[in-house]
Amino acid sequence: MPLSEHEQRMLEQMERALYAEDPKFASALEGSGLRTYTRRRVYQAVAGFLVGIALLMAGMVAKQVWLSVVGFLVMLGCAVLAVTGWRKAPKPGEQAAGAPHARRQGRQRRSMMDRIEERWQRRRDEQGH
């Protein structure tokens, strides 16, 4: 069931109020900082992987098996974090819909509910209802 006009206006007013009150929080919610966050996470994982290699080598030199095992586990964990962070990172040209810079460029911003309603109507038309 699509939102009524009144509900859509209320939702848009709430979005504008959120941007006005705390633009940094609002942009974090919409995902504009996601690319930076995932890039930072991948860099941290790579640094952790290098620390794991150092621990592994130090354990081998000191003949401490437990230190080598810890180093290997650190390497494994950081490798998993780097790979999952890399996959979740948005592509360079991607941006969440309705981002603040998109409005500044003069593009017409459509709310998520408008897009959902349009898809619903298209499906109904295709089915012949």
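Residues numbered from 1 in each chain as written. Predicted model: local features only at pLDDT ≥ 70, side-chain atom pairs only at ≥ 80, totals over all residues. Heavy atoms only, no water.

Taking an unreviewed UniProt entry as the reference, the chain is identified by name as DUF3040 domain-containing protein belonging to Streptomyces bullii.

A. How the structure looks around a nonpolar patch on the surface. There is a patch of nonpolar side chains on the surface, built from Val65, Val69, Phe72, Leu73, Leu76 and Val80 and spanning about 570 Å² of accessible area. Relative to the assigned elements, valine 65 resides in helix 4 (residues 65–88). Exposure remark for valine 65: the relative accessible area of 63% places this residue in the exposed category. (Patch = residues over 30% accessible without salt bridge, like charges linked within 9 Å, V, L, I, M, F, W, Y side chains within 5 Å. Areas by Shrake-Rupley, 256 points an atom, 1.4 Å probe, with all protein chains shown as cover. Salt bridge = Lys/Arg side-chain N within 4 Å of Asp/Glu carboxyl O. Helix = DSSP H or I, 4+ residues; strand = E, 2+ residues; numbered from the N terminus. Buried < 20%, exposed > 50% of the residue type's maximum accessible area, 1.4 Å probe, protein only.)

B. Spotlight on unusual backbone geometry. With a phi angle near 55 degrees, lysine 63 is a residue other than glycine that sits in the positive phi range. Along the chain, lysine 63 falls in the loop between helix 3 (34–61) and helix 4.

C. How the structure looks around the side chain of glutamine 8. With respect to the helices, strands and loops of the structure, glutamine 8 is situated in helix 1 (residues 5–21). Among the residues examined, glutamine 8 registers a relative accessible area of 13% and is labelled buried. At 3.3 Å, the side chain of glutamine 8 forms a polar contact with the side chain of glutamate 117. Here glutamine 8 is in contact with Leu3, Asp114 and Glu117, once residues within four sequence places are set aside. (Polar contact = N/O pair within 3.5 Å; in protein donor to acceptor, adjacent residues only side chain to side chain. Contact = heavy atoms within 4.5 Å.)

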